[in-house]
Amino acid sequence: MEKSCVIGCGAISTMHLGAIAAISDKTELAAVCDIKPERANAAAEKYGCKAYTDYIQMLDEVKPTVVHVCTPHYLHFEMIEKCLKAGKEVVTEKPVTMKSEEFSTLLSNYADQPLFVVMQNRTNNGIKALKKLIEEGNCYDEVIAIGPLVMMKFVVETVRPYEIPVVVSMNPIMIDGTGMCGGCRLTLNVGGEKVTKF
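My aim in this report is to walk through the structure given alongside it, one point at a time. (Residues numbered from 1 in each chain as written. Predicted model: local features only at pLDDT ≥ 70, side-chain atom pairs only at ≥ 80, totals over all residues. Heavy atoms only, no water.)

## Notes on the environment of T158
Thought 1: Tracing the backbone through its elements, the reader meets T158 in helix α7 (residues 149-159).
Thought 2: Between the C-alpha atoms of T158 and K128, which are 30 residues apart in sequence, the distance is 9.0 Å. (Helix = DSSP H or I, 4+ residues; strand = E, 2+ residues; numbered from the N terminus.)

## Here's the deal with the pattern of salt bridges
Thought 1: Enumeration over the complete set of coordinates arrives at 5 salt bridges.
Thought 2: One salt bridge in this structure joins K132 and E136, with 3.3 Å as the shortest N-O distance.
Thought 3: We classify K132 as exposed; its relative accessible area is 54%. (Salt bridge = Lys/Arg side-chain N within 4 Å of Asp/Glu carboxyl O. Buried < 20%, exposed > 50% of the residue type's maximum accessible area, 1.4 Å probe, protein only.)

## So, the environment of C49
Thought 1: By secondary structure assignment, the location of C49 is in the loop between α2 (37-47) and β3 (50-52).
Thought 2: Residue class for C49 comes out buried when judged on its relative accessible area of 16%.
Thought 3: Along the chain, C49 and C5 lie 44 residues apart, while their C-alpha atoms are 9.3 Å from each other.
Thought 4: If we skip the residues at most four places from it in the chain, C49 touches L29, A30, A31, V32 and A44. (Contact = heavy atoms within 4.5 Å.)

## Some words on unusual backbone geometry
Thought 1: Note that the residue after K94, namely P95, is joined by a cis bond; omega there is -10°.
Thought 2: Among the secondary structure elements, P95 is positioned in the loop between β5 (89-93) and α5 (100-109).
Thought 3: The phi dihedral of E163 falls on the positive side, at around 55°, and the residue is not glycine.
Thought 4: Looking at E163, the relative accessible area reads 74%, which means it is exposed.

Structure below.
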């Protein structure tokens, strides 16, 4: 059976941990790692696995098949590269790297190794609702959206085929104050009247 490990036990890790637990017949959640021992220990206790504060030690001792990288963005490149260099498959949160040169390094040095980037915003409720509103045949003058860069990217991509102008405010802090991509307030300009839909 495959072994999976998760590096980073912050908010987004719960999605990865839950997904791994849901396929426990295919992969074992062998270990979690976080620089904050209390986070690592809490996740390990909840999911019945080992806890680490050093991901290199975890890789050496556990020898996982797959590593999930759920850490702050600026740590992604180093961690992903070390995991790939160790022959591990990697699942990472976006962005893969902070610099295009780093991404190019991964592509050129590890092109034959599995690296999966989570891009769930294409199918989140806000994007689905936006697409549904447009496809209902209503005429919209423009779409005004507020949220972090990655969310706004998918708003623009969703609206582009319909040739509706989009105004975005790439605010890294969501309206709930979390800084997560958990929701987006979308204001539509319908015949000169601004209407907030969700």
